[in-house]
Amino acid sequence: METEALERPADLTIWRTAPASAPLAQPERYGTLREAIAAAAGALRDPAKQPWIITEEGEILSPNWIRTYLN
């Protein structure tokens with residue numbers, strides 16, 4: 001991933017893996033991909049949450065991609 005991509009906006013959606021009566025996941029827009037990744041890191045601490053990021057270029061970053069990037 002290009003360094004410039006980290007400074008572009010991105011959308012984060014957190015899906016729940018456990019059946020719940022919670023409303024459907026809604027994407028949240030972040031000013032930079034770095035901010036979206038930081039927010040996703042918090043969600044990864046909960047095994048019932050699966051964060052997915054869509055970059056401004058249309059790349060879809062899975063929970064596994066996010067974990068790998070953070071490590």
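Peer 1: Explain the sheet that holds strand β2 (residues 28-30) here, please?
Peer 2: Read across the sheet, four strands follow the order β2-β1-β3-β4 without closing on themselves; strand pairing throughout is antiparallel. Either end of the sheet is taken by a strand with one partner, and the two such strands are β2 and β4 (60-61). Sheet topology places strand β1 (residues 10-16) next to strand β3 (residues 49-55); seven bridges connect them, and they run antiparallel. Within β3, the residue paired with Asp 11 across the bridge is Ile 54. Against the sheet, helix α1 (residues 33-44) makes contact with β1, β2, β3 and β4, and its axis sits at roughly 170 degrees relative to β3, the strand it touches most.

Peer 1: How do you make sense of the confidence of the model for the protein when you look at a structure like this?
Peer 2: Low-confidence regions, as indicated by low pLDDT, have predicted coordinates that should not be scrutinised in detail. Residues with a pLDDT of 70 or more make up 90% of the protein, whose mean pLDDT is 90. By mean pLDDT, β1 is the weakest element of the protein at 93, and β4 is the strongest at 97.

Peer 1: Any chance you could explain the pattern of salt bridges here in plain terms?
Peer 2: Where charged atoms from two side chains of opposite charge come close, those side chains can pair. Per the counting criterion, the structure on display carries four salt bridges. Glu 7 serves as the salt-bridge partner of Arg 34, at 2.4 Å between the closest nitrogen and oxygen. Here Arg 34 is found in helix α1, whereas its partner Glu 7 is found in the segment before β1, with 27 residues between them in sequence. Classification of Arg 34 as partly exposed rests on a relative accessible area of 39%. Using a relative accessible area of 44% as the deciding quantity, one classes Glu 7 as partly exposed. Of the charged contacts in the structure, one is a salt bridge between Glu 57 and Arg 8, with a shortest N-O distance of 2.5 Å.

Conventions adopted
Residues numbered from 1 in each chain as written. Predicted model: local features only at pLDDT ≥ 70, side-chain atom pairs only at ≥ 80, totals over all residues. Heavy atoms only, no water. Pairing = 2+ DSSP bridges. Helix = DSSP H or I, 4+ residues; strand = E, 2+ residues; numbered from the N terminus. Contact = heavy atoms within 4.5 Å. Axes fitted to C-alpha atoms, helices over the stretch in contact; angles between N-to-C directions. pLDDT = per-residue confidence, 0-100. Salt bridge = Lys/Arg side-chain N within 4 Å of Asp/Glu carboxyl O. Buried < 20%, exposed > 50% of the residue type's maximum accessible area, 1.4 Å probe, protein only.

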